[in-house]
Amino acid sequence: MDKPKKPDWLRVKLPVGESYKHVRGLVETHKLHTICESGNCPNMGECWGAGTATFMILGNVCTRSCGFCAVATGRPDAVDWDEPQRVAEAIHLMKVKHAVITSVDRDELKDGGSAIWYNTIRAVKTLNPDTSLETLIPDFKGDKDNIQRVIDAAPEVVSHNIETVERLTRSVRIQAKYWRSMEVLRTLKEGGMRTKSGVMLGLGETKEEVLQTMQDLVDSGVDVITLGQYLQPTQKHLAVQRFVHPDEFAELRERGYEMGFDYVESGPLVRSSYHSEKHVIAGYGKAAWSLEKKAQLV
């Protein structure tokens, strides 16, 4: 099969500006990892230019080898117990109103890294009481005690990405399980969290499968969904099967709100933490969508 040609709507702005340089300097000074860099995110210039970044804790080497992800796989370094305070201090220096934290998978640790997760959330909250926080967590192999540590730390939003449809999970998220991830999201919702998940398109899924995945997420109590185009980070990773047109993303946004999601972020360059400062606010997305619908009727 011929490789699909990258369309014009996937053009990304190059990182520039003083804010971008400032954020890069803070990240380097505090020896922090960001998923922006490790994951080759196409929005790094825009987000860093706005003074925000998604921090990645527990190192930058993952114990899993997902077919889509640019983060290195291997044997991680020992847990750095000073990292939570460094992250909190960097967020304080950046003066951001909303922060996002994610992590690699640490399957070799008995607690899956959940103790560091708890310490990081509490350190950020203590030093930055006016900063809202989204945490993008691994599945902790479905361990309820480890998930509970995140709930106990009480971030404003907890996200766990399903990434793809059930049929493709084995090839896309090699060591993960579709229904285990759904159960993680359900556990978070039952714990009182505002929940979020993300799906990548263009990996060979059908439209019906995407809609079914969206429905499964609604049924698991997910409040916020992000839908974006998969981009192959290197030649070693899964190839893009097709580039999804912006009109299709717009249609999925409509369907998502009709299904009952509270916020739907859907577009070719959407990534999990894109515009996440808006995802904190209950009712914001649905209200904006309702106003759009009324305006179309006038």
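Look up a bit, the structure's there.
Residues numbered from 1 in each chain as written. Predicted model: local features only at pLDDT ≥ 70, side-chain atom pairs only at ≥ 80, totals over all residues. Heavy atoms only, no water.

Draft legend 1. Examining the overall build of the protein chain more closely. Counting its regular elements, the protein chain contains 12 helices and 10 strands. The buried share of the protein chain, reckoned over its 298 residues, is 52%. Carbon and sulfur atoms make up 53% of the accessible area of the protein chain, which amounts to about 14,100 Å² in all. (Helix = DSSP H or I, 4+ residues; strand = E, 2+ residues; numbered from the N terminus. Buried < 20%, exposed > 50% of the residue type's maximum accessible area, 1.4 Å probe, protein only. Areas by Shrake-Rupley, 256 points an atom, 1.4 Å probe, with all protein chains shown as cover.)

Draft legend 2. Quick look at empty space enclosed by the protein. Going through the model one piece at a time under the given rule, you end up with 1 cavity of 30 Å³ or more. Volume-wise, the largest cavity comes out at about 30 Å³. Surrounding the largest cavity, Leu-201, Glu-205, Thr-206, Lys-207, Val-210, Arg-242, Glu-248 and Leu-252 form its lining. Only helix 9 (207-219) and helix 10 (246-259) provide two or more residues apiece to the lining of the largest cavity. (1 Å grid on protein atoms, 1.4 Å probe; cavity = no way out; pocket = protein on both sides within 12 Å on 5 of 7 lines; lining within 4 Å. Points joined across faces, edges and corners; volume = space filled by probe spheres on them.)

Draft legend 3. Quick look at the packing of helix 9 against helix 10. At a closest axis distance of 10 Å, the pairing of helix 9 and helix 10 adopts a crossing angle of 35 degrees. Regarding helix 9 and helix 10, the two cross each other, and that crossing is right-handed. For the pair helix 9 and helix 10, contact is made by Lys-207, Val-210, Leu-211, Met-214, Gln-215 and Val-218 and by Glu-251, Leu-252, Arg-255, Gly-256 and Met-259, respectively. Residue composition of the contact of helix 9 with helix 10, grouped by class: 6 nonpolar, 2 polar and 3 charged. (Axes fitted to C-alpha atoms, helices over the stretch in contact; angles between N-to-C directions. Left-handed = near helix turned anticlockwise from the far one by under 90°. Contact = heavy atoms within 4.5 Å. Nonpolar A, V, L, I, M, F, W, Y, C, P; charged D, E, K, R; others polar.)

Draft legend 4. Structural view of the side chain of Thr-131. If you trace the backbone, Thr-131 turns up in the loop between helix 5 (114-127) and strand 6 (132-136). Discounting chain neighbours no more than four positions away, the residues touching Thr-131 are Ile-91, Val-96, Lys-97, His-98, Ala-99, Lys-125 and Glu-156.

Draft legend 5. View of unusual backbone geometry. Although it is not a glycine, Ala-154 adopts a positive phi angle of roughly 60 degrees. Within the secondary structure, Ala-154 sits in the loop between helix 6 (144-153) and strand 7 (157-159). Taking the relative accessible area as the measure of exposure, Ala-154 reaches 38% and is therefore partly exposed. Unusually for a residue other than glycine, Glu-163 sits at a positive phi of about 70 degrees. Along the polypeptide, Glu-163 turns up in the loop between strand 7 and helix 7 (169-172). According to the relative accessible area criterion, Glu-163 is buried, its value standing at 14%.

Draft legend 6. Highlighting helix 6. The complete set of buried residues in helix 6 reads Asn-146, Ile-147, Val-150, Ile-151 and Ala-153. Looking down the long axis of helix 6, one finds its buried residues gathered within 170 degrees of arc, a one-sided arrangement. Looking at the buried positions of helix 6, the neighbouring elements they touch are helix 5, strand 6, strand 7 and helix 8 (178-190). Between the side-chain oxygen of the N-cap and the backbone nitrogen of Asp-145 there are 2.9 Å, and the N-cap of helix 6 in question is Asp-143. (Arc of directions from axis to C-beta. Polar contact = N/O pair within 3.5 Å; in protein donor to acceptor, adjacent residues only side chain to side chain.)

Draft legend 7. Fine view of the side chain of Ser-132. Tracing the backbone through its elements, the reader meets Ser-132 in strand 6. What makes Ser-132 buried here is its relative accessible area of 15%. Not counting residues within four places of it along the chain, the set of residues in contact with Ser-132 comprises Lys-97, His-98, Ala-99, Glu-156 and Val-280.

Draft legend 8. Broad picture of the pattern of salt bridges. This structure, assessed with the given rule, holds 14 salt bridges. Note that Asp-262 and Arg-194 form a salt bridge whose closest N and O atoms lie 2.8 Å from each other. Placement of Asp-262 in the loop between helix 10 and strand 10 (263-266) and of Arg-194 in strand 8 (residues 194-201) is noted, with a sequence separation of 68 residues between them. With relative accessibility at 14%, the residue Asp-262 sits in the buried group. By relative accessible area, Arg-194 is classed as buried at 12%. In this structure, Lys-293 and Glu-254 form a salt bridge, with 2.7 Å as the shortest nitrogen-oxygen distance. (Salt bridge = Lys/Arg side-chain N within 4 Å of Asp/Glu carboxyl O.)

Draft legend 9. Layout of the pairing of strand 2 (residues 54-57). In strand 2, alternate side chains face the same way, and those of Thr-54 and Met-56 on one face and Phe-55 and Ile-57 on the other are all buried. The sheet contact formed by strand 2 and strand 5 (residues 98-103) spans 4 bridges and is parallel. Each bridged residue has a counterpart across the sheet, and for Met-56 the counterpart in strand 5 is Thr-102. (Pairing = 2+ DSSP bridges.)

Draft legend 10. Expanded view of the packing of aromatic side chains. As enumerated under the stated definition, the model contains 3 aromatic pairs in all. Considering the side-chain rings of Tyr-257 and Trp-289, the 5.1 Å spacing of their centres and the 15 degrees angle between planes classify their relative orientation as stacked. A residue pair is termed long-range when its members are at least 10 positions apart, and Tyr-257 in helix 10 and Trp-289 in helix 12 (residues 284-297) qualify at 32 residues. Across this residue pair, the class does not change: Tyr-257 and Trp-289 are buried. Where Tyr-263 meets Tyr-284, the ring centres are 6.2 Å apart and the plane angle is 5 degrees; that geometry is what we call stacked. (Phe/Tyr/Trp six-rings, centres within 6.5 Å; stacked < 30°, edge-to-face > 60°.)

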